[in-house]
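What follows is each chain in one-letter form.
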Amino acid sequence: MNLAPRKICRGSTVVEVGLSPGNVVRVSGVFRETGEEPWLQDLLVSIHEEAQRIRLDELLLDLRDLTYANAEGWRNLVLLLRLLKGPPRASYKLLMLTNMAHQWQRVGIPTLSVFGGSMLNIESSSTSQEPDLADAGRRSWKA
């Protein structure tokens, strides 16, 4: 069984669920949402519950085209990792595809391995089809 295919567009964030081979969730664009309307949190809980129900072995979370995520985006990623570890412990492992060309991922993704432990594998690339302009000029640490 596979995740039910769906596509959610909120602001400049796009989430596509159930991409081939059926267990892929791709998040792209720019995530600048506040916690006032927890749509991504609700979606991740729903995806987790569905993955548990259909007994996926692995869920692939593709963040390579997510050029920026604010603190609320990070909270949602940590939430997903907490759901993985349970209780009850998830039936699946999470494979996260990342793009280290994006500053926000280069800074924070390695820390997520602490939260995910053995339930999380991270594959990183350092290539991007688009320049990392999502937060250009807004942070002093930006190159």
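Being a predicted model, the structure only gives us computed values, none of them experimental. (Residues numbered from 1 in each chain as written. Predicted model: local features only at pLDDT ≥ 70, side-chain atom pairs only at ≥ 80, totals over all residues. Heavy atoms only, no water.)

### Thoughts on the packing of aromatic side chains
Item 1. Evaluation of the coordinates by the stated rule reveals two aromatic pairs.
Item 2. Between Phe31 and Trp39, the aromatic rings sit 6.1 Å apart at their centres with planes inclined by 50 degrees, giving tilted as the arrangement.
Item 3. For Trp39, a relative accessible area of 8% translates into the label buried.
Item 4. When the ring of Trp74 is compared with that of Trp104, the centres are 5.1 Å apart and the planes differ by 70 degrees; the resulting orientation is edge-to-face. Placement of Trp74 in helix 2 (residues 71-85) and of Trp104 in helix 3 (residues 103-116) is noted, with a sequence separation of 30 residues between them.
Item 5. By relative accessible area, which is 5% here, Trp104 ends up buried. (Phe/Tyr/Trp six-rings, centres within 6.5 Å; stacked < 30°, edge-to-face > 60°. Buried < 20%, exposed > 50% of the residue type's maximum accessible area, 1.4 Å probe, protein only. Helix = DSSP H or I, 4+ residues; strand = E, 2+ residues; numbered from the N terminus.)

### Quick look at unusual backbone geometry
Item 1. Cis geometry is found at the peptide bond from Ser20 to Pro21, where omega equals 10 degrees.
Item 2. Positive phi, normally seen in glycine, also occurs at Arg55, with a value near 60 degrees.
Item 3. Taking the relative accessible area as the measure of exposure, Arg55 reaches 60% and is therefore exposed.

### Describing the confidence of the model for the chain
Item 1. When pLDDT is averaged along the chain, the result is 88; 88% of the residues meet or exceed 70.
Item 2. The lowest-confidence element of the chain is helix 3, averaging 88 in pLDDT; the highest-confidence one is strand 4 (residues 58-62), averaging 98.
Item 3. Segment residues 131-143 is flagged for pLDDT under 50; beyond a separation of four residues in sequence, or across chains, it makes 19 contacts in the model. (pLDDT = per-residue confidence, 0-100. Contact = heavy atoms within 4.5 Å.)

### Examining the nonpolar core
Nonpolar side chains in soluble globular proteins generally cluster together in the buried interior.
Item 1. Counting residues in hydrophobic clusters, the biggest one holds 36 residues, and the most contacted among them are Leu3, Val25, Leu61, Leu63 and Leu94.
Item 2. Broken down by secondary-structure element, the contributors of at least two residues to this core are strand 2 (13-19), strand 3 (24-31), helix 1 (39-53), strand 4, strand 5 (66-69), helix 2, strand 6 (93-99) and helix 3.
Item 3. Per element, the largest residue contribution to this core is six residues, and it comes from helix 1. (Core = buried A, V, L, I, M, F, W, Y, C linked by side-chain atoms within 4.5 Å.)

### Regarding the pattern of salt bridges
Item 1. According to the stated counting rule, one finds six salt bridges in the structure shown.
Item 2. Its salt-bridge partner being Asp62, residue Arg64 comes within 2.7 Å of it at the nearest N-O pair.
Item 3. By relative accessible area, which is 4% here, Asp62 ends up buried.
Item 4. In this structure, the salt-bridge partner of Glu72 is Arg75, at a minimum N-O distance of 3.0 Å. Of this pair, Glu72 and Arg75 both sit in helix 2, three residues apart, which is roughly one turn of the helix.
Item 5. Glu72 gets classed as buried once you look at its relative accessible area, which sits at 11%. (Salt bridge = Lys/Arg side-chain N within 4 Å of Asp/Glu carboxyl O.)

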